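This is what each chain is made of:
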Amino acid sequence: DVSDEAIKVGEHVYTIGFPAGMSLQEGENEKGIQVYAQGGDITRQDSEFEFSYNAATTGGASGSPVFNKYGMLIGVHHAGVNATQGFNYGVKAKYIKELLDNPHVK
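Let me sum up the structure you'll find in this document. (Residues numbered from 1 in each chain as written. Predicted model: local features only at pLDDT ≥ 70, side-chain atom pairs only at ≥ 80, totals over all residues. Heavy atoms only, no water.)

On the basis of which strands lie adjacent, the closed barrel formed by six strands has the order β1-β2-β3-β6-β5-β4 and antiparallel pairing. Ignoring which end each strand starts from, the neighbouring axes of this sheet average 45° apart. Docked against the sheet, helix α1 (residues 93-101) engages β5 (73-80) and β6 (88-92), running at close to 50° with respect to β6. (Pairing = 2+ DSSP bridges. Helix = DSSP H or I, 4+ residues; strand = E, 2+ residues; numbered from the N terminus. Axes fitted to C-alpha atoms, helices over the stretch in contact; angles between N-to-C directions. Contact = heavy atoms within 4.5 Å.)

Shown next as structure tokens:
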């Protein structure tokens, strides 16, 4: 079951992803693709559908999962402010699930 009960201002969150993809393997990088994982806090509930958090992300991270401190998916990263780290936005997971369950509803 997916709910937004865990999306409260001040709650700790984590983002994880591979935003640079294969470009991380350029050159002589013996470690290969490296995961980009960061922690932060929920800073605002911007609307019914999205929330803000200050966990750092990089360009290309859209679509990365946002987890709460228990490892539950609470959202999907969809935007950030490039000039300043820590101003990021996620779509609440319950609305992502709703879209997946009903892809043809307008």
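We are not done yet, so read on.
On to the pattern of salt bridges, then. In this structure the tally under the stated criterion is two salt bridges. In this structure, K69 engages E11 in a salt bridge whose closest nitrogen and oxygen atoms are separated by 3.9 Å. Here the residue K69 occupies a position in the loop between β4 (65-68) and β5, and E11 occupies one in the segment before β1 (12-17), the gap between them amounting to 58 residues. A residue is classified by how much of its surface remains accessible, and K69, at 48% relative accessible area, is partly exposed. (Salt bridge = Lys/Arg side-chain N within 4 Å of Asp/Glu carboxyl O. Buried < 20%, exposed > 50% of the residue type's maximum accessible area, 1.4 Å probe, protein only.)

A few words on the packing of aromatic side chains. Applying the stated rule across the entire model yields two aromatic pairs. Geometrically, the ring pair formed by F49 and Y95 is edge-to-face, given 4.6 Å between the ring centres and 65° between the ring planes. Linking F49 in the loop between β2 (36-44) and β3 (50-53) with Y95 in helix α1, this pair joins segments that are 46 residues apart in sequence. Ring centres of F51 and Y53 lie 5.6 Å apart, and the angle between their planes is 40°; on these two criteria the pair is classed as tilted. (Phe/Tyr/Trp six-rings, centres within 6.5 Å; stacked < 30°, edge-to-face > 60°.)

Remember, this is a structural readout, not a statement about activity or role.
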